[in-house]
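One-letter residues, chain by chain:
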Amino acid sequence: MSMNRNGGWRIFVVIMIALFLLMFGICAGLSVARAETMYVTVSEDSYLNGRERPDRHSQALCRFSAGDEVNVLDIQDGWAKLDYGGEAECSFVSLDYLASSPDGPVTMHVAANGRVRVREKPDDNGETVRYVRDGDSVTVSLLFGGWAKTPQGWINTTYLED
């Protein structure tokens, strides 16, 4: 009878480990799937530092050249978290030097019934900084997570078309 208890305990532990690995794999897969490809837009004679933290004074971990393709994992407060940082797992770069197209910013048109909010950050709860109207043209430097970055702020891509 004690063998059954020990055997039952071992089976329980194996099942728990399997569930943990399954959940870890699913979560890891989701974060990788969310990564979006962008391009570095510094001048040809310059480079972009990949930093340890989202702060221009933090240590530079790596460098990116004009046209380099990078995978953006997250965006927050004007910084992009990349899945590469030299010997580190990731690094941060300023959004000012990234574009969704290797050719740089693109023009898109607002397609909505009425006005659309331009937000301070890519979030439905972000402060409204201005409005655009149906038919307005906007310059979009990058797209991420259903949001478009313009010089005036962020617009939900639901209201934009090429």
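Residues numbered from 1 in each chain as written. Predicted model: local features only at pLDDT ≥ 70, side-chain atom pairs only at ≥ 80, totals over all residues. Heavy atoms only, no water.

### Details of the packing of aromatic side chains
For the coordinates displayed, the defined rule picks out one aromatic pair. Ring centres of F64 and Y84 lie 6.2 Å apart, and the angle between their planes is 75 degrees; this geometry places the pair in the edge-to-face category. Placement of the pair is F64 in strand β3 (residues 60-64) and Y84 in the loop between β5 (79-82) and β6 (91-94), with a sequence separation of 20 residues. Judged by relative accessible area, Y84 falls into the partly exposed class, the value being 44%. The positively charged end of R63 is found above the aromatic ring belonging to Y47, 3.8 Å away from the centroid. Over the ring of Y131 we find R115, and its NZ or CZ is 3.8 Å from the ring centre. (Phe/Tyr/Trp six-rings, centres within 6.5 Å; stacked < 30°, edge-to-face > 60°. Helix = DSSP H or I, 4+ residues; strand = E, 2+ residues; numbered from the N terminus. Buried < 20%, exposed > 50% of the residue type's maximum accessible area, 1.4 Å probe, protein only. Lys NZ or Arg CZ within 6 Å of the ring centre and 35° of its normal.)

### Things to note about the state of the cysteines
All chains considered together, the criterion is met by zero disulfides. Between C62, a cysteine without a disulfide, and C90, which holds the nearest cysteine sulfur, the sulfur-to-sulfur distance is 9.6 Å. Among the residues examined, C90 registers a relative accessible area of 22% and is labelled partly exposed. (Disulfide = S-S within 2.5 Å.)

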